[in-house]
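# Examination of the molecular architecture
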There are 2 protein chains.
Amino acid sequence: MYRVALVQFAPRLKDIDHNLERMQELGDRCNADLIVYPELCTTGYVFVSSDELYRVSESAADSLCISEMAEFCADKDCSVVFGFAERSADQVFNSSVLINPDGSIHIYRKIHLFSREKLLFSPGDQPFAVHAAKHGVRVGMMICFDWQYPEAMRTLALKGAQVICHPANLVLPWCQRAMTIRSLENRVFSITANRVGKEINGKFGETFTGKSQILNTRGEILQQMGETEEGFIIAEIDPILADDKTVTEYNNAFSDRRPQFYELG
Amino acid sequence: MYRVALVQFAPRLKDIDHNLERMQELGDRCNADLIVYPELCTTGYVFVSSDELYRVSESAADSLCISEMAEFCADKDCSVVFGFAERSADQVFNSSVLINPDGSIHIYRKIHLFSREKLLFSPGDQPFAVHAAKHGVRVGMMICFDWQYPEAMRTLALKGAQVICHPANLVLPWCQRAMTIRSLENRVFSITANRVGKEINGKFGETFTGKSQILNTRGEILQQMGETEEGFIIAEIDPILADDKTVTEYNNAFSDRRPQFYELG
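Residues numbered from 1 in each chain as written. Chains lettered and ligands numbered in written order. Predicted model: local features only at pLDDT ≥ 70, side-chain atom pairs only at ≥ 80, totals over all residues. Heavy atoms only, no water.

All names here are of chain A. Applying the stated criterion across every chain yields a total of twelve aromatic pairs over all chains. On the basis of an interplanar angle of 85° and a centroid distance of 5.6 Å, the ring pair of Tyr45 and Phe208 is categorised as edge-to-face. With a gap of 163 residues between them, Tyr45 in the loop between strand S2 (34-36) and helix H2 (50-56) and Phe208 in the loop between strand S11 (204-207) and strand S12 (213-215) connect regions that are remote in the sequence. Aromatic ring contacts, followed pair by pair, group Phe114, Phe145, Trp147 and Tyr149 into a single cluster. Just above the ring of Phe254 sits the side chain of Lys245; from NZ or CZ to the centre is 4.7 Å. (Phe/Tyr/Trp six-rings, centres within 6.5 Å; stacked < 30°, edge-to-face > 60°. Helix = DSSP H or I, 4+ residues; strand = E, 2+ residues; numbered from the N terminus. Lys NZ or Arg CZ within 6 Å of the ring centre and 35° of its normal.)

Here it is, written out as structure tokens:
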């Protein structure tokens, strides 16, 4: 069995040191093979301006967060996924990173930006991709509002993802329920790591909805956190189950697709 | 406002006269602009063999069901959608038909066949399409198991459907909940007309799950029937609301799609 976990907490805005400490402290207690953290959990979420965001962004190549968490992954022999503000030349992406115990890293740049993120971040410019996590488990990353677009998880699942890692900073009421259908329609595990707490910055503020969840390939909730608590949850899963797309004796969630009739341009 | 209705009942296997009478009796009491009936509600569902099915199938051109219901539509000034076994040369399709008060008809042939339907019916061979119902309301049809494939409703919605008419004979537990997400992700109204009752034929049998529902463009349940009752429900909707794909001040369910990153072949 494969131990997957998520960490739900309230990052402090622009306090990377504190947030990294919290990520390691909670992650250490998970004792898991794969740990998923929330979106932008190293920096917090509510930025007033691009300048303010740019100052706390980090390029992947010399990111303190990535190097510290890579050390954590090597020490604890686990893979992690977390969200961070990724600087690339003069752009900032709302990204997530998969870091493996061997130090390999893979980055996903959020493709569907939400609300004021459009004023602050560049939209993702790279394809959805599937990567090997610890023990070769095939992981796909999506971030928060990507849930609204069924094409996101569908693309990852068709590319072979067994476990969808889904860092989030949710403020709308629908995602947790939508993800049960996303997991079901694609027959994959999903881990939505949402944050909690209220964050206020100048005239802007958001309250995040918690209820982070780990779902099985039928969209059933294996573990779920509360709306406001900080902590972690763990589930033991068999990732191989995600390779079985059987719906009935006669039906398969993938091979019964009929793309010649889908007009999705 | 536009009055939409659905009829939930237990068709009698191979008793077309009885079923047509029931459809008209219940439909008459709806006093609606658009009425949706279950899948295969003129013939019943559990067929043992292709021969048995073929004998009760009807070609659209000389279908008693279509001509009787066209008369009903003209009399009552309403559009209807219902499921029937459509004969075409030596093939039988699991089809639905939209009939308008002016006598115009449009047919959809189920694209994703469920379970033993694969042994009995030919899979749909025509594109998903959107048609005008009474007052020009733009209607898209899908049937039962099409719910499993997000591409089905997505295609109809992208083609401009405002109201999804969804005849069903449901036996799995997920559809009603999945449709709340389908309506939400596409910001369209949906009408799932499921049947009730148990049907046994030789060694085959199915129990159908009822809970037919009318959903708004946020996926909220406007009206829903019970698991076993026969009857109808009505909702007054403004179909124009389905043309508004706004999610937030900055987000739109359709224009924020990024098809260049969707790999759905």
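That covers the picture; the talk isn't over yet.
Residue and element names in this part refer to chain B. Here helix H5 (residues 150-158) crosses helix H6 (residues 175-186) at 35°, and the two axes come no closer than 10 Å. Between H5 and H6 lies a crossing whose hand is right-handed. Here H5 contributes Pro150, Met153, Arg154 and Ala157 to the contact with H6, which in turn contributes Met179, Arg182, Ser183, Glu185 and Asn186. A per-class count over the contact of H5 with H6 returns four nonpolar, two polar and three charged. (Axes fitted to C-alpha atoms, helices over the stretch in contact; angles between N-to-C directions. Left-handed = near helix turned anticlockwise from the far one by under 90°. Contact = heavy atoms within 4.5 Å. Nonpolar A, V, L, I, M, F, W, Y, C, P; charged D, E, K, R; others polar.)

After a rotation of 180° and a shift along the axis of 0.0 Å, chain B superposes on chain A with an RMSD of 0.0 Å. Accordingly, the operation relating the two chain copies is best matched by a two-fold axis. Both copies share a contact surface, since 100% of the interface residues of chain B are interface residues in chain A too. (Least-squares fit on C-alpha atoms with pLDDT ≥ 70 in both.)

A separate point is a negative patch on the surface. Residue and element names in this part refer to chain A. Together, Asp17, Glu21, Glu68, Glu71 and Asp75 make up a region of like negative charge exposed at the surface. Within the residue set of the negative patch, elements represented by two or more residues are helix H1 (16-30) and helix H3 (64-76). The dominant element in the negative patch, judged by the number of residues it contributes, is H3, at three residues. Note that Asp75 resides in helix H3. (Patch = residues over 30% accessible without salt bridge, like charges linked within 9 Å, V, L, I, M, F, W, Y side chains within 5 Å. Areas by Shrake-Rupley, 256 points an atom, 1.4 Å probe, with all protein chains shown as cover. Salt bridge = Lys/Arg side-chain N within 4 Å of Asp/Glu carboxyl O. Lys, Arg positive; Asp, Glu negative; His and termini not counted. Charge placed at Lys NZ, Arg CZ, Asp CG, Glu CD.)

On to the pattern of salt bridges, then. Using the criterion set out here, one finds 40 salt bridges over all chains in the structure. Between A:Lys76 and A:Asp28 there is a salt bridge; the shortest N-O distance is 3.0 Å. Pair noted here: A:Lys76 is in helix H3 and A:Asp28 is in helix H1, with a separation of 48 residues, a long-range link. Overall, the relative accessible area of 40% leaves A:Asp28 in the partly exposed class. With its nearest N and O atoms 3.0 Å apart, the salt bridge here joins B:Arg182 to B:Glu185. Taken together, the residues span about one helical turn, with B:Arg182 and B:Glu185 both in helix H6 at a distance of three residues. There is no split in this pair, since B:Arg182 and B:Glu185 are both buried. Three or more residues joined by partner-sharing salt bridges are found here, namely A:Arg182, A:Glu185, B:Arg182 and B:Glu185. (Buried < 20%, exposed > 50% of the residue type's maximum accessible area, 1.4 Å probe, protein only.)

Time to look at the interface of chain B and chain A. The interface of chain B with chain A comprises 50 residues on the first partner and 50 residues on the second. Summing both sides of the interface, chain B and chain A together bury roughly 4500 Å²; the carbon and sulfur share of this comes to 58%. Our enumeration of links across chain B and chain A arrives at 34 residue pairs in polar contact (both at pLDDT 80 or more). When residues of the side of chain B that touches chain A are traced back to their parent elements, those giving at least two are helix H4 (117-120), H5, H6, strand S15 (246-248) and strand S16 (251-252) of chain B. (Buried area = accessible area lost by both parts, 1.4 Å probe. Polar contact = N/O pair within 3.5 Å; in protein donor to acceptor, adjacent residues only side chain to side chain.)

All names here are of chain B. A sheet is described by the order of its strands in space; here six strands give the open sequence S5-S4-S3-S2-S1-S14, paired in mixed fashion. Both outer strands of the open sheet, strand S5 (105-109) and strand S14 (231-237), are each paired with one neighbouring strand and no more. Averaged over all neighbouring strand pairs, the angle between strand axes comes to 30°, with direction disregarded. Of the pairings in the sheet, the one linking strand S4 (residues 91-99) to S5 comprises five bridges and is antiparallel in character. Bridging from a neighbouring strand, Ile99 pairs with Ile105 of S5. (Pairing = 2+ DSSP bridges.)

Here we come to the packing of helix H5 (residues 150-158) of chain A against H5(B). Viewed as axis vectors pointing N to C, H5(A) and H5(B) meet at an angle of 140°, and their least axial separation amounts to 11 Å. Taken as axis vectors, H5(A) and H5(B) run oblique relative to one another. Here the hand of the crossing between H5(A) and H5(B) comes out left-handed. Two secondary-structure elements touch here, H5(A) through A:Pro150, A:Glu151 and A:Arg154 and H5(B) through B:Pro150, B:Glu151 and B:Arg154. For the contact of H5(A) with H5(B), the class distribution of residues is two nonpolar, no polar and four charged. (Parallel < 35°, antiparallel > 145°, perpendicular 65-115°, else oblique.)

Note that an α-helix has 3.6 residues per turn; residues three or four places apart therefore point the same way. All names here are of chain A. Here H3 is 13 residues long and its end C-alpha atoms lie 18 Å apart, about the 18 Å a rise of 1.5 Å per residue gives. Buried within H3 are the following residues: Cys65, Ile66, Met69, Ala70, Phe72 and Cys73. Down the axis of H3, the smallest arc covering the buried residues is 160°, so these residues share one side. Exposed residues on H3 whose side chains face more than 90 degrees from its buried face are Glu71 and Asp75. The elements touched by buried residues of H3 are H1, S2, strand S3 (79-88), strand S4 (91-99) and strand S5 (105-109). Among the residues of H3, the N-terminal cap falls to Ser63, whose side-chain oxygen and the backbone nitrogen of Cys65 are separated by 3.2 Å. (Expected span 1.5 Å × (residues − 1). Arc of directions from axis to C-beta.)

For the rest of this paragraph, the subject is the side chain of B:Arg258. Within the secondary structure, B:Arg258 sits in the segment after S16. Of note is the side chain of B:Arg258, whose polar atom sits 3.1 Å from the backbone oxygen of A:Ile111. When neighbours within four sequence positions are excluded, B:Arg258 is seen to be in contact with A:Ile111, A:His112, A:Pro123 and A:Gly124.

Further remarks concern the sheet that holds S2(A). Residues and elements named next belong to chain A. In spatial order, the strands read S5-S4-S3-S2-S1-S14; together these six strands make up an open sheet with mixed pairing. Each of the sheet's edge strands pairs with one partner strand only, and the pair in question is S5 and strand S14 (231-237). Along the sheet, successive strands turn relative to each other by an average axial angle of 30°, direction set aside. When strand S1 (residues 2-8) meets S2, the two strands line up parallel, connected through three bridges. Among the inter-strand pairings, Leu6 is bridged to a residue of S2, identified as Val36. The sheet contacts of H3 involve S2, S3, S4 and S5, and relative to S3 the element is tilted by about 165°.

Our next topic: the nonpolar core. Formed by 134 residues in total, the largest nonpolar core has its most connected members in A:Trp147 and B:Trp147. Other than its neighbours up to four places away in sequence, A:Trp147 contacts A:Met142, A:His166, A:Leu170, A:Trp174, A:Cys175, A:Ala178, A:Met179, A:Arg182 and B:Leu184. (Core = buried A, V, L, I, M, F, W, Y, C linked by side-chain atoms within 4.5 Å.)

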